[in-house]
Each structure stands twice: as C-alpha cells, then as structure tokens.
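# Understanding the architecture of this molecule
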Amino acid sequence: MGKEEIVAISRIDRRGALLGAGAALFAPVVFSERAWAQTKLTKIRIVSSQGNQVAALQELTKQKRWLEEFGIDAEVLTVADGAKLIGALIGGDSDVCIFSGFNQTLAAIEKGAKMKIIGGASITGQQAVFSAKPEIKSVRDLQGKIIGVGALGAQLHQVMRALLLKKGVDLNTVRFVNVGSSADVFRAIVAKTVDAGPAQADIFDQLEKYNIHMLDEGAFANDLSEYTWQASFATDKVIAEKRDTLVRVLAGYCKAYRYVQTDPASKEPFIEARAKALGVADMEVARREGASQWQYVWDNKPYALDLEISPARVEYMQKLNVDVGAQNKVLPYDQVADMSLARQAVKMLG
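Notes on the structure follow. Everything quoted here is computed from the prediction, not taken from an experiment. (Residues numbered from 1 in each chain as written. Predicted model: local features only at pLDDT ≥ 70, side-chain atom pairs only at ≥ 80, totals over all residues. Heavy atoms only, no water.)

## Considering the nonpolar core
Ile 117, Leu 142, Met 160, Leu 164 and Phe 233 are the most contacted members of the largest nonpolar core, which totals 59 residues. With 6 residues, helix α6 (residues 155-166) is the single largest residue contributor to this core. Listed in part, the 41 residues of the second largest apolar core include Phe 99, Leu 250, Ala 251 and Ala 345. (Core = buried A, V, L, I, M, F, W, Y, C linked by side-chain atoms within 4.5 Å. Buried < 20%, exposed > 50% of the residue type's maximum accessible area, 1.4 Å probe, protein only. Helix = DSSP H or I, 4+ residues; strand = E, 2+ residues; numbered from the N terminus.)

## Let's talk about the pairing of strand β8 (residues 197-200)
The side-chain alternation of β8 yields two buried faces, one formed by Gly 197 and Ala 199 and the other by Pro 198 and Gln 200. In the sheet, strand β5 (residues 127-131) pairs with β8 via 4 bridges, with the strands oriented antiparallel. Along β8, the bridge assignment pairs Phe 130 with Gly 197. (Pairing = 2+ DSSP bridges.)

## Let's talk about the layout of surface pockets
The calculated volume of the largest pocket comes to roughly 1100 Å³. Lining the largest pocket are 49 residues, with Gln 50, Gly 51, Ser 181, Ser 182 and Gln 200 positioned closest to its centre. Looking at the lining of the largest pocket, the elements that each hand over two or more residues are α2 (52-64), β2 (72-79), α4 (82-90), α5 (103-110), α6, α7 (182-191), β8 and α12 (267-278). Residue contributions to the lining of the largest pocket peak at 5 residues, all from α7. Its residues assigned to classes, the lining of the largest pocket comprises 19 nonpolar, 24 polar and 6 charged. Every residue lining the second largest pocket is counted, 15 residues in all, and those nearest its centre are Gln 58, Thr 61, Lys 62, Ala 74 and Val 76. Counting only elements with at least two residues in the lining of the second largest pocket, the list comes to α2, α3 (66-69) and β2. Examining the composition of the lining of the second largest pocket, we find that 6 residues originate from one element, α2, more than from any other. (1 Å grid on protein atoms, 1.4 Å probe; cavity = no way out; pocket = protein on both sides within 12 Å on 5 of 7 lines; lining within 4 Å. Points joined across faces, edges and corners; volume = space filled by probe spheres on them. Nonpolar A, V, L, I, M, F, W, Y, C, P; charged D, E, K, R; others polar.)

## Overview of the packing of α5 against helix α14 (residues 311-324)
Interhelical geometry of α5 versus α14 gives an angle of 75° and a closest axis separation of 10 Å. Between α5 and α14, the interaxial angle falls into the category roughly perpendicular. Contact with α5, carried on its side by Asn 103, Leu 106 and Ala 107, involves Val 314, Met 317, Gln 318 and Asn 321 of α14 and no other residues of that element. Residue classes in the contact of α5 with α14 are distributed as 4 nonpolar, 3 polar and no charged. (Axes fitted to C-alpha atoms, helices over the stretch in contact; angles between N-to-C directions. Parallel < 35°, antiparallel > 145°, perpendicular 65-115°, else oblique. Contact = heavy atoms within 4.5 Å.)

## Side note on the sheet that holds strand β9 (residues 213-219)
Taken together, 3 strands build an open sheet; the order of strands is β8-β5-β9 and the sheet is antiparallel. Each edge of the sheet is formed by a strand with only one pairing partner; in this case those strands are β8 and β9. Across the sheet, the axes of successive neighbouring strands diverge by a mean angle of 50°, strand direction being ignored.

## Some words on the side chain of Glu 59
Along the chain, the position of Glu 59 falls in helix α2. Exposure remark for Glu 59: the relative accessible area of 10% places this residue in the buried category. Beyond its immediate sequence surroundings of up to four residues, Glu 59 is in contact with Ala 273, Lys 276 and Ala 277.

## Notes on α6
Relative to the 16 Å expected for 12 residues at 1.5 Å per residue, α6 spans 16 Å between its end C-alpha atoms, a close match to the ideal helical length. Across the 12 residues of α6, 10 count as buried, placing the element largely inside the fold. Where α6 is concerned, the buried positions are Gln 155, Leu 156, His 157, Gln 158, Val 159, Met 160, Arg 161, Ala 162, Leu 163 and Leu 164. (Expected span 1.5 Å × (residues − 1).)

## What to know about the packing of helix α11 (residues 243-262) against helix α16 (residues 340-349)
Orientation of α11 relative to α16, taken along the N-to-C sense of each, is 60°, at an axis distance of 8 Å. Taken together, the axes of α11 and α16 are oblique relative to one another. When you trace α11 past α16, the crossing you get is right-handed. Across from Arg 243, Leu 246, Val 247, Arg 248, Leu 250, Ala 251, Cys 254, Lys 255 and Arg 258 in α11, the residues of α16 making contact are Ser 340, Leu 341, Ala 342, Gln 344, Ala 345, Val 346, Met 348 and Leu 349. Looking at the contact of α11 with α16 residue by residue, the class counts come to 11 nonpolar, 2 polar and 4 charged. (Left-handed = near helix turned anticlockwise from the far one by under 90°.)

## Remarks on the sheet that holds β2
Strand pairing within a sheet occurs via backbone hydrogen bonds; the two strands may be parallel or antiparallel. Ordered in space as β2-β1-β3-β10-β4, the 5 strands form an open sheet in which the pairing is mixed. Every other strand in the sheet has two partners, leaving β2 and β4 (115-120) as the edge strands with one partner each. Pairs of neighbouring strands in the sheet enclose a mean axial angle of 25°, with direction left out of account. With 3 bridges joining them, strand β3 (residues 96-100) and strand β10 (residues 231-235) adopt antiparallel strand pairing. Of the residues in β10, the one forming a bridge with Ser 100 is Ala 231. Seen against the sheet, α2 touches β1 (42-49), β2 and β3 and runs at an angle of roughly 160° to β1.

## Examining the environment of Asp 141
Residue placement: Asp 141 occurs in the loop between β5 and β6 (146-149). Overall, Asp 141 belongs to the partly exposed group, its relative accessible area being 30%. Between the C-alpha atoms of Asp 141 and Leu 215, which are 74 residues apart in sequence, the distance is 9.0 Å. Once residues within four sequence positions are removed from consideration, Asp 141 is found in contact with Glu 135 and Ile 136.

## Topic: α2
Between its terminal C-alpha atoms α2 stretches 18 Å, which fits the 18 Å expected from 13 residues at 1.5 Å a residue. Three or more residues of α2 are buried, namely Gln 53, Val 54, Ala 56, Leu 57, Gln 58, Glu 59, Leu 60 and Thr 61.

Rendered as structure tokens:
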C-alpha cells in the first residue's frame, strides 16, 4: 500500500469546493498500513507451540502492534502438545496456528483432517545438539547413546532421527527418551540423565556455565537445513470463511520476521520482549540470553521473509513421516498446502 494522498487546495471558492468534492468521489483511495488500525478490529484466535523464540516473537509483535496495523485483534494461546494444537483448530477453539512444527499436521491431513499449511514461520531450526559428556564430541559419537527428545514421533524426535540418519548413525543402537520440551531436554543434558539432545539457541553463550558443549555437525540450521522447523496452518473451513483475516494475520507476523532479521535496531526491543514474555526477573540474565538468541536469528536468518514453504520442503517432511510410519504415502503438494495466502500477505507489505 502507498502513502495516503493529500490534496492541497490553493484557492477555495464555492465552485472549486464542489468540483473538489465531486472529484473525490472518483479518486482512488490509498491506505497506509496503519489505516487498518483506524477501522474496527477483526477478532481472531491464534494458537502456537511453546518455546522461547515463539514467546519472544509473539510479545514483540504485540508490543509493536503489527497485527493491529492490519485490523486484527488477536487472542493468542500457546500449547505444549502438538496433538492439542491440531485439536484446537479442528474443534474450532482456535482459527489459525502461526508457529509450530507441522509433521503432525501432515499426518492428520492424510488421515482426513481438512487443513492446509498456509505459510512458513521459522524455516530452519533455532536449535542444536548438546552434551555434558566430554567424550561425546560429534553427532557421529551418538552411536549407542541415550538421547533426550519429546514425544516419540513429534518434532524433537523426528528431527534428531533425521540428523542421525544423515550423519550415518545406526538408529538401532540409539535409545530415545521422552523428557518433554526442548527446555526439559536441556535440563536433562545438564543433569547427565541423557547423553545428548537438542536445545534452543539462547544457551549458546552459557555453555561454559553449565559445563556443556555443542556437538560437531549438530547445528540444525546448517547441518539439517532441509528440515523445515515451523509453519502456519488452518482448517479449510476457516480459510474459506476468513481468508482476508488470515492474510492480514500473516502480513503482521511477516513484519516481525523481517524486522528481527534485517533491522539491527531490533536487538534491544527483542531482548526486552523476550524478558517480558518469559518473566525473566534478572535483567543481566535476560540481556545475555536475549542477545544470544537475537544474534543467532540475525546470523542465520531462520524466518521466512516471503512466508512460503516450497514443494520440495513439504515433500521432504512427508518422506520423514512415511519413514517413521506417521504417514502411509506422500500426498500432493496442493492437498496439504496453499501458499496463495502467503503471497497475498507479502504483497500487502509492498
């Protein structure tokens, strides 16, 4: 959208005013992004997975009022369980998911769920594999080891399995243990109740403090870049009934993705938003962890600037599902994804 047009009238008389009014009826209306905020806001219910980076981006989007700019009044819910997230959408308790792994979404679609992936969020992972055991130096050293993950078949398990296969580790020798979220996995790594596991990027500057280390070839953004971490999705019913609203929601979040990855001034607002979202009282800790996570985002550019997930990426994720038995076959791209909403959203940003 362009800037609001301003009509300058240098000479006002009765005839001129009438002519000006008549011309205005036929003049094109040009809105600024913030013009949406002057209209009545449209309510929508958003659900997302839990995680430090999700919480930070949600709070930053809230503070910057990017959704309001596009006429959106959002109610945001976060859940830890992927099955509950999909249930919230199918049951009608939520309208759209913005940040979540989507391997379970693909499996649900094959089983008959009327849903579509409508955009990308974090395309590459913001996690890496860590260990507190000095003899484990590389992902290739995980042969025969105990690895902390989430629920078997869910994202943390799936992505670790894919990485191990890529690095030539025999999965028959590995024992996966469900310890919960990535934060729970981190605690298990530090306590040495598991040999290794995936944890989030905000601990990269605290490895010495916790006496842990990142494994060689264990950064998902670089070593398993073909794995798509998060997507946005909604039911076919909501897409049909609230398409314009969904497009505006995607546009608002796209502003957040672009801001943290292209504007160096985003560092301080990101740190502050993350501290508030996570309730970190110690500002020294909040600044250190927030700066570490922001730097990772700045260096690795994980978010989808164009909001799209390619057919090749969706096919790869489906093949992983087939490999673990979550899907029977790879479905056609058009059956599981509709990127036309993402393209509309990007056009709104100019």
